[in-house]
Amino acid sequence: MTARKIIIDTDPGQDDAVAILLALASPEAVDLLGITCVAGNVPLSLTSKNARIICELAGKPEVPVFAGCERPLGRELVTAEHVHGRTGLDGPDLPDPTMPLADGHAVDFIIDTLRSNPAGTVTLCPIGPLTNIATAFRKAPDIAEKVQEIVLMGGAYFEVGNVTPTAEFNIYVDPEAADVVFRSGVPIVVMPLDVTHKVLVTRDRNDRIRDLGTPVGLAVAQMTDFFERFDREKYGSDGAPLHDPCVIAYLIRPKLFSGRHVNVEIETGSELTMGMTVADWWQVTDRPANATFMGHVDAPGFFDLLTERLARL
Ligand code: RIB
Ligand code: CA
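The paragraphs below set out a description of the structure included in this document. Every chain's residues receive numbers from 1 upward, in the order its sequence appears when written. To read the labels, note that chains go from A and ligands from 1, taken in the order they are written. The model is predicted, so local features are restricted to residues of pLDDT at least 70 and side-chain atom pairs to those at 80 or more, both for listing and for counting; the totals for chains, interfaces and linings are taken over all residues. Calculated side-chain values reflect all of the structure's heavy atoms, with hydrogen atoms and water omitted.

## Thoughts on the coordination of the calcium ion (ligand 2)
- A donor here means any N, O or S atom no more than 2.8 Å from the metal (3.2 Å for Na, K and Ca); water is not included, so a site may seem to lack partners. In the first shell of the calcium ion (ligand 2), the protein supplies Asp11 (OD), Asp16 (OD), Asp16 (OD), Ile127 (O) and Asp244 (OD), at 2.2 to 2.6 Å from the metal.
- Positions of the donor residues of the calcium ion (ligand 2) along the chain correspond to the pattern D-x4-D-x110-I-x116-D. Here Ile127 lies in the loop between β4 (122–126) and α5 (131–139) and Asp16 lies in helix α1 (residues 14–24), a separation of 111 residues in the sequence. Here the two residues Asp16 and Ile127 agree in accessibility, since each one is buried. Secondary structure follows DSSP: runs of H or I at least 4 residues long count as helices, runs of E at least 2 residues long count as strands, and numbering of each begins at the N terminus. Remark: exposure states derive from per-residue accessible area (1.4 Å probe, protein chains only) relative to the maximum for the residue type, with buried under 20%, exposed over 50%, and partly exposed in between.

## Quick word on the pairing of β4
- Burial of β4 is extensive: five of the five residues sit out of reach of the surface.
- Two strands are counted as paired when DSSP detects at least two bridges linking them. Here five bridges tie strand β1 (residues 4–10) to β4, and the two strands are oriented parallel to one another. Each residue of the ladder has a partner; that of Ile7, found in β4, is Leu124.
- Judged from the three bridges that link them, β4 and strand β5 (residues 147–153) form a sheet pairing that is parallel. Looking at β5, one finds that Val122 is bridged to Val147.

## A few points about a nonpolar patch on the surface
- On the surface, Phe158, Trp282 and Val284 cluster together into a nonpolar patch covering about 390 Å² of accessible area.
- Tracing the chain through its elements places Val284 in the loop between β11 (277–279) and β12 (291–297).
- The exposure class assigned to Val284 is exposed, which follows from its relative accessible area of 71%. Without a salt bridge and with relative accessible area above 30%, a residue can belong to a patch; like charges are then joined within 9 Å and nonpolar side chains (Val, Leu, Ile, Met, Phe, Trp, Tyr) within 5 Å. For accessible areas, the Shrake-Rupley method is used with a probe of radius 1.4 Å. Any residue's cover is judged against the shown protein chains and nothing else. The salt bridge definition used is simple: a Lys or Arg side-chain nitrogen within 4 Å of an Asp or Glu carboxyl oxygen.

## Section: the nonpolar core
- Formed by 68 residues in total, the largest nonpolar core has its most connected members in Ile8, Ile35, Met191, Ile248, Phe257, Phe302 and Leu306.
- In this structure, Phe66, Leu114, Ile133 and Trp281 belong to the second largest nonpolar core, which totals 38 residues. Definition of nonpolar core: a set of buried residues of the types Ala, Val, Leu, Ile, Met, Phe, Trp, Tyr and Cys, connected through side-chain atoms within 4.5 Å.

## Things to note about the packing of aromatic side chains
- Two rings from Phe, Tyr or Trp (for Trp, the six-membered ring) form a pair when their centres sit within 6.5 Å of each other. Planes less than 30 degrees apart are called stacked, planes more than 60 degrees apart edge-to-face, and all others tilted. Under the criterion given, the structure shown has seven aromatic pairs.
- When the ring of Trp281 is compared with that of Phe293, the centres are 6.4 Å apart and the planes differ by 70°; the resulting orientation is edge-to-face. Within this pair, whereas Trp281 is found in the loop between β11 and β12, its partner Phe293 is found in strand β12, the two being separated by twelve residues in sequence.
- What makes Phe293 buried here is its relative accessible area of 1%.
- Criterion for a charge above a ring: Lys NZ or Arg CZ within 6 Å of the ring centre, and within 35 degrees of the ring normal. The cationic tip of Arg75 hangs over the ring face of Tyr172; the distance from NZ or CZ to the ring centre is 5.9 Å.
- One residue, Arg229, lies across the ring of Phe226, its end atom 4.1 Å from the ring centre.

## Looking at the pattern of salt bridges
- Under the counting rule described, the total for this entry stands at 20 salt bridges.
- Between Arg309 and Glu28 there is a salt bridge, with its nearest N and O atoms 3.4 Å apart. A residue pair is termed long-range when its members are at least 10 positions apart, and Arg309 in helix α12 (residues 299–310) and Glu28 in the loop between α1 and β2 (30–37) qualify at 281 residues.
- Across the salt bridge formed by Glu271 and Arg75, the nearest N and O atoms sit 3.2 Å from each other. Of this pair, Glu271 sits in the loop between β10 (264–266) and β11 while Arg75 sits in the loop between β3 (65–67) and α3 (81–84), placing them 196 residues apart in sequence.
- Its relative accessible area of 54% is what places Glu271 among the exposed residues.

## A few points about unusual backbone geometry
- Not every positive phi belongs to a glycine, and Val160 is a case in point at roughly 50°.
- For Val160, the location among the structural elements is in the loop between β5 and α6 (169–173).
- Of note, the phi angle at Gln283 is positive, near 50°, even though the residue is not glycine.
- Here Gln283 lies in the loop between β11 and β12.

Right, dumping it as structure tokens:
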């Protein structure tokens, strides 16, 4: 299998951090061309700092990290310090980055990368609000047809919302951007809360990661120890849901997941349901299918993969 060329678009966030680590630990499957940061869990100044902290934790300071959009297309930024802590990476005590930000805006990196690679060979992996991706598509409409696939974490259907009764955070923060992406015609794979709430870092799973006995293993265990508070209190969950690593695990081992190719549209009108991913799961409309919406995950297989790969770093 040749390594798949990808860009991770991210708002670290502890679960984003684990996704980045999983990608960096899997070079035979994933060729990480660059990381583009967006405002989301915490402001852009912190997401673009945290991405570099994680690259250095993994011993990969050569990965280019770009700062992108600092606010949604048309709404005020909503952040999630109550989940991720003030820094966005609360839990471990990691040193500030020494690697600089890459020159240029994240949106231009996305555009230039898609224009300079053969069509259909670069996958976009957004794991935060979709502001950078939508801005790139608006600034350079020619690039949409060059994207191999978008594999994103966002949305919810049977699991309903985690930030409002109907909306998942990444989509809710920038529903206008999500609407641009879901209407783009690019093949999309969606990792919604319907699967990410099934990959919970239970005590046993976290102990397996901590017991790797490496700086990466300890840092990840400390991140999820911090990150799980919100879900334990709100849902009574038995651990933190590892939302974003599902995107990377899909690239490495797609058979861990299953879902349906259905129509998904984004609520952008009603404040009551703003940011809802309206998935036509039962295909009761004639709206054309535009996304593979995942509904099932092999959670033990996911954690076996994650733990085995983290041990490489
Ligand atoms: O709703 C979960 C998503 O929102 C994850 O990507 C998490 O990092 C936050 O960005
Ligand atoms: Ca995220």
